[in-house]
Amino acid sequence: LNGLVNMMAGSTDAKVRVTVKWDGAPAIVCGKNPLNNKFFVGTKSVFNSKTPKINYNFKDIDRNHPEKALNKKLKYCHRYLSELNIPGVIQGDLMFTPGDLKPERIDNEPFVTFTPNTITYAVPEQSELGKQIDAAKLGIIFHTTYNGETLADMTASGGADVQGFAKDPDVFFDNATYKDVSG
């Protein structure tokens, strides 16, 4: 705890790792299935022991997730996340898809806002982050990495290394590690 306080005060020489709990929905699991090296998207249901719901294409999404809103979100995830060349299996919180971003004025300043679950996020429209988000079609924050020989035997570990992912202006992504962007 002292390390966290010192880090926030800017007076630490020790390495302290802090993550932020983003309030996105739904939770998205994606990456390459280690059994066939094929890209997939899904919810945590990809880990169901009896009937895993792994989606390699839109037809799988239609079969596994007929509920209209989730079906649409998973199709956006498949379309855009497949372009990131995610090497393993990770999980993130979906923050927005097309139609979820709203312009809003707060204290007479322009913001881009989105409400993926119960919290509304507001980012100054003219900030670098605001410009990235406003230009993207999908936003996701990755927070968990999975390891194992098969999806069924994977174990989760906190954190996600997104440094090697391909950049795509249509996708705003990051990990949940706290970053001081105050300048």
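In this text, all values refer to a predicted model and were calculated from it rather than measured experimentally.

Enquirer: Explain helix 3 (residues 68-81) to me, using residue names and the numbers behind them.
Expert: The end-to-end C-alpha separation of helix 3 is 20 Å, in line with the 20 Å expected for 14 residues at 1.5 Å each. Buried within helix 3 we find Asn71, Leu74, Tyr76, Cys77, His78, Tyr80 and Leu81. Against strand 1 (27-32), strand 2 (39-42), helix 2 (58-64), strand 3 (89-96), strand 7 (138-147) and strand 9 (171-175) lie the buried residues of helix 3.

Enquirer: Could you give an account of the sheet that holds strand 4 (residues 102-106), naming the residues involved and the relevant values?
Expert: Remark on secondary structure: sheet strands pair via backbone hydrogen bonds, oriented parallel or antiparallel. Within the open sheet, the 3 strands sit side by side as 4-5-6. Their pairing is antiparallel. In this open sheet, the two strands that pair with only one neighbour each are strand 4 and strand 6 (121-124). The average angle at which neighbouring strand axes cross in this sheet is 40°, direction not considered. Taken together, the 5 bridges between strand 4 and strand 5 (residues 109-114) define a ladder with antiparallel strand orientation. Along strand 5, the bridge assignment pairs Ile106 with Glu109.

Enquirer: Which residues make up the packing of aromatic side chains, and what values do they have?
Expert: This structure, assessed with the given rule, holds 6 aromatic pairs. An angle of 40° between the planes, with centres 5.7 Å apart, marks the rings of Phe165 and Phe173 as tilted. Here Phe165 matches Phe173 in class, with each residue buried. Chaining the aromatic ring pairs together yields one cluster made of Phe96, Phe114 and Tyr121. A cation over a ring is seen here: Lys38 above Tyr56, with NZ or CZ 4.7 Å from the ring centre.

Enquirer: Quick one: what's the story with unusual backbone geometry, residue by residue and with numbers?
Expert: The backbone of Asp107 shows a phi angle near 50°, a positive value even though the residue is not glycine. Among the structural elements, Asp107 can be located in the loop between strand 4 and strand 5. A relative accessible area of 74% places Asp107 in the exposed class. In this structure, Asn108 is a non-glycine residue whose phi angle is positive, near 65°. Tracing the chain through its elements places Asn108 in the loop between strand 4 and strand 5.

Calculation rules
- Residues numbered from 1 in each chain as written.
- Predicted model: local features only at pLDDT ≥ 70, side-chain atom pairs only at ≥ 80, totals over all residues.
- Heavy atoms only, no water.
- Helix = DSSP H or I, 4+ residues; strand = E, 2+ residues; numbered from the N terminus.
- Expected span 1.5 Å × (residues − 1).
- Buried < 20%, exposed > 50% of the residue type's maximum accessible area, 1.4 Å probe, protein only.
- Contact = heavy atoms within 4.5 Å.
- Pairing = 2+ DSSP bridges.
- Axes fitted to C-alpha atoms, helices over the stretch in contact; angles between N-to-C directions.
- Phe/Tyr/Trp six-rings, centres within 6.5 Å; stacked < 30°, edge-to-face > 60°.
- Lys NZ or Arg CZ within 6 Å of the ring centre and 35° of its normal.

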